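# Topology and contacts: notes
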Amino acid sequence: MTTSNAGALAGIQVLDLSRVLAGPWCTQMLADLGADVVKVERPGLGDDTRQWGPPFLKDAEGNNTNQASYFTACNRNKRSVTIDMATPEGQALIKRMALQADIVVENFKVGGLKQYGLDHASLRALNPRLIYCSVTGFGQSGPYAERAGYDLMVQAMTGMMSITGRADTEPGGGPLRVGVAVIDLFTGIYASNAILAALHVRDNATNGTGQGQHIDMALLDVGMAVLANQASGFLATGEAPGRMGNSHPSLAPYQDFPTQDGNMLLAIGNDGQFQRFCAAAAQPQWAADPRFATNTLRVQNRTELIPAMEAVTRTRTTAAWIALLEDKAVPCGPVNNIAQAFDDAQVKARGLAVTLPRWKDGEAGDGVAQITGVASPLRLSANPPVLRNAPPALGQHTDEVLRELGLDAARVAQLRSGGVV
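In this numbering scheme, every chain counts its residues from 1 along its sequence in written order. Since the coordinates come from a predicted model, pLDDT governs what is reported: local features require at least 70, and pairs of side-chain atoms require 80 or more to be given and counted, while whole-chain, interface and lining totals use all residues. To get the side-chain values, take all heavy atoms of the structure and skip hydrogens and water.

The next subject is helix 2 (residues 88-100). Under the DSSP-based scheme used, a helix requires at least four consecutive residues in state H or I and a strand at least two consecutive residues in state E, with every element numbered from the N terminus. Helix span, as expected, comes to 1.5 Å for every residue beyond the first. Along its 13 residues, helix 2 runs 19 Å from first to last C-alpha, staying within 8% of the 18 Å computed at 1.5 Å per residue. Listed in full, the buried residues belonging to helix 2 are Gly90, Gln91, Leu93, Ile94, Met97 and Ala98. Projection of helix 2 onto a plane perpendicular to its axis shows the buried side chains occupying an angular sector of 160°, all on one side. Contacts are assigned to residue pairs that have any heavy atoms within 4.5 Å of one another. On the buried face of helix 2, the contacting elements are strand 1 (13-17), strand 2 (36-41), strand 5 (78-82), helix 3 (120-126), helix 15 (398-404) and helix 16 (409-417). Remark: exposure states derive from per-residue accessible area (1.4 Å probe, protein chains only) relative to the maximum for the residue type, with buried under 20%, exposed over 50%, and partly exposed in between. This arc is taken over the directions from the axis of the helix to the C-beta atoms.

Quick look at the structure:
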């Protein structure tokens, strides 16, 4: 991480018309890589997630503000302007911004921006170099195209919930959503990849086209794609997989195990790891047992293997098991809560909690002077992510951005008094 390097995407201008999570996750990745991301928000309200609390950010005295922490997860390194796109003046401002932009990211319903003249066709007519990424629930085509789509809905529709959680026959069994909006997050990541590919097609020195293009990102498409091996297993056999708790359909033992003081995770992915675990646990007979000699046999005979292992794992604490196994190349670890995860020595060593200022000279008028978030996981040796500033206060950069568009103070005051900004 750096606070001074220009970043891999320095000079790239992004107009962010997205809100909530998938679109903002995409644009935060671009911002971390050095792009100048200007986020357009509704005057007085802003992104929906500014109100998605509790939990809320705290002021210097430790009291709750009215700023939900959710917003801060995906809006670092951006500049916030407030513009009412329902007004002709607001639409004109956004079009002027689009003329200078390389990329637009939006997640309105299909056709939702056409009424404002801010859809792909309208903006590309003004700026043919524009890369325009639309994020929707179900894509720009098909019978569901005009439906609103949300992560939870797509987790249910794609079968993600049918493979998450304990089996119906077990206590607490039933379909579960993943603990974060994983399809929104993956959609943001896929979207940023598509945008970088489109930038290369437009600008590469050998055969760049000089032209932008439209990117159609759908939560449904991504939700199906990230089923990964579970989808390929179904397509190969025609058999829909079910819920297995923390077990793995193709590996054993690969799950959580009870210990003397809690739980640990064993992630044994090959026969050598299993043999080393058996030796360390003083159970060499398991490695010699023909029922458990290979991974496929262990999967087939897991109902005999797992209870025997659980009886042994209960004899030591989690820390004792990790100390025993970690130098023997047997993948294992604690089952942490989030507080324990941030307290982990490796997490600290990697600098994964980062505190950034909200404003150069103090807080931005809402009682919040700095915000702590999770560092970017992108580690480029020559162009690491650039940590410039914390997620912005609502409209924090409106005057600054409008000045860059050539508007003087009197015109900005006029727009503000008219409720346009």
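Picking up where we left off.
This part covers the sheet that holds strand 9 (residues 254-258). The pairing criterion for strands is at least two bridges between them, as found by DSSP. Pairing in this open sheet of 3 strands is antiparallel, and the strands run 9-10-11 from one edge to the other. This sheet does not close on itself; its edge strands, each paired only once, are strand 9 and strand 11 (332-334). Between one strand and the next, the sheet's axes are offset by a mean angle of 25°, whatever the strand orientation. In this analysis, axes come from line fits to C-alpha atoms, helices being fitted only over the stretch in contact, and the angle between any two N-to-C directions falls in the range 0 to 180 degrees. Against the sheet, helix 12 (residues 318-325) engages strand 10 (263-267) and strand 11, with an angle of about 155° to strand 11.

Another aspect to go through is the layout of surface pockets. Only protein atoms enter the 1 Å grid used here. Points where a 1.4 Å probe fits but cannot escape make up a cavity, open sets with protein on both sides within 12 Å along at least five of seven lines make up a pocket, and a residue lines them when an atom lies within 4 Å of a point. Grid points are joined across faces, edges and corners, and a volume is the space filled by probe spheres set on the points. Reported here for the largest pocket is a volume of approximately 1,200 Å³. Lining the largest pocket are 37 residues, and of these Trp25, Ala73, Val180, Leu185 and Val374 sit closest to its centre. Contributions of two or more residues to the lining of the largest pocket are made by helix 1 (22-32), strand 3 (56-58), helix 5 (182-203), helix 13 (338-342), strand 12 (353-357) and strand 13 (370-374). In terms of residue class, the lining of the largest pocket is built from 28 nonpolar, 7 polar and 2 charged. Each pocket or cavity is described by its volume, and for the second largest pocket that value is around 590 Å³. Each residue is assigned to one of three groups, with Ala, Val, Leu, Ile, Met, Phe, Trp, Tyr, Cys and Pro labelled nonpolar, Asp, Glu, Lys and Arg labelled charged, and all others, Gly among them, labelled polar.

Relative to the helices and strands, Lys39 resides in strand 2. Judged by relative accessible area, which is 0%, Lys39 ranks as buried. Any pair of N or O atoms that falls within 3.5 Å is considered a polar contact. Within protein, one atom must be able to donate a hydrogen and the other to accept it, and sequence-neighbouring residues count only if both atoms are side-chain atoms. Engagement of the side chain of Lys39 in a polar contact is seen with the backbone oxygen of Ser18, the distance being 3.2 Å. Residues within four places of Lys39 in sequence aside, it is in contact with Asp16, Ser18, Arg19, Pro24, Asp47, Phe71, Asn75, Lys78, Arg79, Ser80 and Val81.

The subject of this paragraph is the packing of aromatic side chains. Here is the rule: rings of Phe, Tyr and Trp (six-membered ring for Trp) pair when centre to centre is within 6.5 Å. Planes less than 30 degrees apart are stacked, more than 60 are edge-to-face, and the remainder are tilted. Counted by the stated rule, this structure contains 3 aromatic pairs. Between the aromatic rings of Phe138 and Tyr144, the centroid separation amounts to 5.7 Å while the plane-to-plane angle is 80°, which identifies the pairing as edge-to-face. Judged by its relative accessible area of 33%, Tyr144 is partly exposed. Residue placement shows Arg298 over the ring face of Phe274; its charged tip is 4.4 Å from the ring centre. Placement of a charge over a ring requires the Lys NZ or Arg CZ to be within 6 Å of the ring centre, with the centre-to-atom vector within 35 degrees of the ring normal.

Throughout this description, the term salt bridge denotes a Lys or Arg side-chain nitrogen within 4 Å of a carboxyl oxygen of Asp or Glu. A complete count under the given rule lists 18 salt bridges for this structure. With a shortest N-O distance of 2.7 Å, Arg42 and Asp48 are connected by a salt bridge. One salt bridge connects Arg416 with Asp399, and the closest N-O pair in it is separated by 2.8 Å. Residue Arg416 is located in helix 16, and its partner Asp399 is located in helix 15; the two are separated by 17 residues in the primary sequence. Take Asp399: its relative accessible area is 34%, and that puts it in the partly exposed class. A network of salt bridges, in which partner residues are shared, links Asp36, Arg79, Glu400 and Glu404.

Below, the discussion takes up the environment of Asn5. Along the chain, the position of Asn5 falls in the segment before strand 1. Take Asn5: its relative accessible area is 24%, and that puts it in the partly exposed class. Once residues lying within four places of it in the same chain are set aside, the contact partners of Asn5 are Ala382, Asn383, Pro384 and Val386.

Before going further, it helps to examine a nonpolar patch on the surface. For patch detection, residues must exceed 30% relative accessible area and be free of salt bridges, and they are connected within 9 Å for like charges or within 5 Å for nonpolar side chains (Val, Leu, Ile, Met, Phe, Trp, Tyr). Surface exposure here means Shrake-Rupley accessible area, sampled with a 1.4 Å probe, where a residue is shielded only by the protein chains that are shown. Taken together, the side chains of Tyr144, Tyr150, Met153 and Met157 make up a nonpolar region of the molecular surface, amounting to roughly 390 Å² of accessible area. Under the relative-accessibility criterion, Met157 is labelled partly exposed at 39%.

Another aspect to go through is the nonpolar core. To qualify as a nonpolar core, a set must consist of buried Ala, Val, Leu, Ile, Met, Phe, Trp, Tyr and Cys residues joined through side-chain atoms within 4.5 Å. With 30 residues, the main nonpolar core has Leu30, Ile103, Cys133 and Ile195 as its most contacted residues. Put simply, the parts of the chain that give this core at least two residues each are helix 1, strand 6 (103-106), strand 7 (131-136), helix 5, strand 8 (214-218) and helix 6 (219-225). For this core, the leading source of residues is helix 5, giving 6 residues. Phe108, Leu130, Val412 and Leu415 belong to the second largest nonpolar core, which has 28 residues in total.

Another point: the sheet that holds strand 1. The 6 strands are arranged 5-2-1-6-7-8 in an open sheet whose pairing can be described as parallel. What marks the edges here is a single partner per strand, and that holds for strand 5 and strand 8. Averaged over all pairs of adjacent strands, the angle between strand axes in this sheet comes to 20°, irrespective of strand direction. Across 5 bridges, the pairing between strand 7 and strand 8 is parallel. Bridging from a neighbouring strand, Cys133 pairs with Ile215 of strand 8. Where helix 2 meets the sheet, its contacts fall on strand 1, strand 2 and strand 5, and the angle it forms with strand 1 comes to roughly 145°.

The next thing to look at is the environment of Gln340. Considering the arrangement of structural elements, one finds Gln340 in helix 13. Taking the C-alpha atoms as reference, Gln340 lies 35 Å from Leu196; in sequence the two are 144 residues apart.

With that settled, the discussion passes to the pairing of strand 12. The side-chain alternation of strand 12 yields one buried face, formed by Val354 and Leu356, and one unburied face, formed by Ala353, Thr355 and Pro357. Pairing analysis gives 5 bridges linking strand 12 to strand 13, with the strands arranged antiparallel. Along strand 13, the bridge assignment pairs Val354 with Gly373.

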